[in-house]
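Secondary and tertiary structure notes
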Amino acid sequence: MELILDTANVEAIKYYQQVLTIDGVTTNPTILTKENRDYREVIQEIISVLHEDQSLHIQVVSTDVEGIVKEGKVINQLRKNTYAKIPCTKEGFQAMKQLKQEGYLVTATACYSANQGVLAAKCGVDYIAPYLNRLDNIGVDGVAIIADLVAILDYYGYPTKVVAASFKNAQQALEMMKAGCPAMTIAPEVVDKMMEQSMTDDAVRAFSSDWKKAFNEEGFNW
Ligand code: E4P
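The present account deals with the structure reproduced in this document.

About the thresholds
- Residues numbered from 1 in each chain as written.
- Predicted model: local features only at pLDDT ≥ 70, side-chain atom pairs only at ≥ 80, totals over all residues.
- Heavy atoms only, no water.
- Axes fitted to C-alpha atoms, helices over the stretch in contact; angles between N-to-C directions.
- Helix = DSSP H or I, 4+ residues; strand = E, 2+ residues; numbered from the N terminus.
- Parallel < 35°, antiparallel > 145°, perpendicular 65-115°, else oblique.
- Contact = heavy atoms within 4.5 Å.
- Nonpolar A, V, L, I, M, F, W, Y, C, P; charged D, E, K, R; others polar.
- Core = buried A, V, L, I, M, F, W, Y, C linked by side-chain atoms within 4.5 Å.
- Buried < 20%, exposed > 50% of the residue type's maximum accessible area, 1.4 Å probe, protein only.
- Pairing = 2+ DSSP bridges.
- Right-handed = clockwise from strand over helix to strand, strands pointing away.
- Near = heavy atom within 4 Å.
- Polar contact = N/O pair within 3.5 Å; in protein donor to acceptor, adjacent residues only side chain to side chain.
- 1 Å grid on protein atoms, 1.4 Å probe; cavity = no way out; pocket = protein on both sides within 12 Å on 5 of 7 lines; lining within 4 Å.
- Sits in = over half its atoms within 2 Å of the grid points.

At their nearest, the axes of helix H1 (residues 10-19) and helix H3 (residues 39-49) sit 10 Å apart, and the two run at 10 degrees to each other. As the angle between them shows, H1 and H3 are arranged roughly parallel. Residues Val10, Ile13, Lys14 and Gln17 of H1 form the contact with H3, whose participating residues are Val42, Glu45, Ile46 and Val49. Class assignment for the residues of the contact of H1 with H3 results in five nonpolar, one polar and two charged.

Given below as structure tokens:
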């Protein structure tokens, strides 16, 4: 299972690079605006902290086919292993197909149905990012839709990977793993929720206190 960080915050990327095993970074236009600096500078810094084998997914901003294709090519050329994120609009599908025919890396995004996901897979995209929490927010079962998409792609043998996106809690991440979703892109604050367990902290406090009482030492000193 690939764990990708959904952020453009360079400090957060550096931190999770050290703490966990991260397979890449995704951004979107909104995420990039949150850094309050020039997006080119932010992207350059993200590139400088990523290892060569980690993926980077950057979204196009243009909405017409020609503009999407042009931006998709520029994004691919920023660095090896860099995917152009393209929304699942009609223009987006056309641009995905064209870019894949020319050998570029593409992640279909803003996917709100299994149908859209399958059509993107037929365009040959590498990843599809369905928006789990945004589906839940409108009263649709996001987990069920993404589980359907994962099963359909598996049934037909498409190599496209589903990268579930838009998480607001750790339970959603667990549900995606139970559905066999091959990749997830998760914001740092939700990754924290996956790691945290107050009972683990309580247990560690008790171990330390027992040790100190018995041996009057803070650590294991041989
Ligand atoms: C990532 O690829 C998506 O753009 C992102 O997960 C959307 O998340 P949001 O619904 O929290 O904005």
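Picking up after the structure, the text goes on.
Another point: the nonpolar core. In this structure, Ile46, Met96, Ile128, Phe167 and Met176 are the most contacted members of the largest nonpolar core, which totals 57 residues. For Phe167, the residues in contact, after removing those within four places along its chain, are Leu132, Asn133, Gln172, Ala173, Met176, Met184, Thr185, Ile186 and Val190.

The next point concerns the pairing of strand S7 (residues 161-164). Here strand S6 (residues 127-130) runs beside S7; their pairing, made up of two bridges, is parallel. Paired with Ile128 across the bridge in S7 is Val162. Bridge count for S7 against strand S8 (residues 183-186) is two bridges, and the pairing is parallel. Opposite Ala164, over in S8, you have Met184 as the bridge partner. Between the parallel elements S7 and S8, the chain passes through helix H9 (residues 170-178) in a crossover that is right-handed.

With that out of the way, let us pick up the site of the ligand. Every residue close to the ligand is listed here: Asp6, Asn28, Lys85, Tyr131, Arg134, Ala165, Ser166 and Lys168. In the environment of the ligand, an oxygen atom lies 2.5 Å from a nitrogen or oxygen atom belonging to the side chain of Asp6. Arg134 is positioned such that a nitrogen or oxygen atom in its side chain is 2.7 Å from an oxygen atom of the ligand. With respect to the pocket detection grid, the ligand is positioned in the largest pocket. Each residue belonging to the shell around the ligand can be placed in one class, and the counts come to two nonpolar, two polar and four charged.

So, about the sheet that holds strand S4 (residues 82-87). Taken in spatial order, the eight strands line up as S1-S2-S3-S4-S5-S6-S7-S8 and close into a barrel, and their pairing is parallel. Strand-to-strand twist across the sheet, computed as the mean angle between neighbouring axes with direction ignored, equals 25 degrees. Against the sheet, helix H5 (residues 90-101) engages S4 and strand S5 (106-111), with an angle of about 155 degrees to S4.

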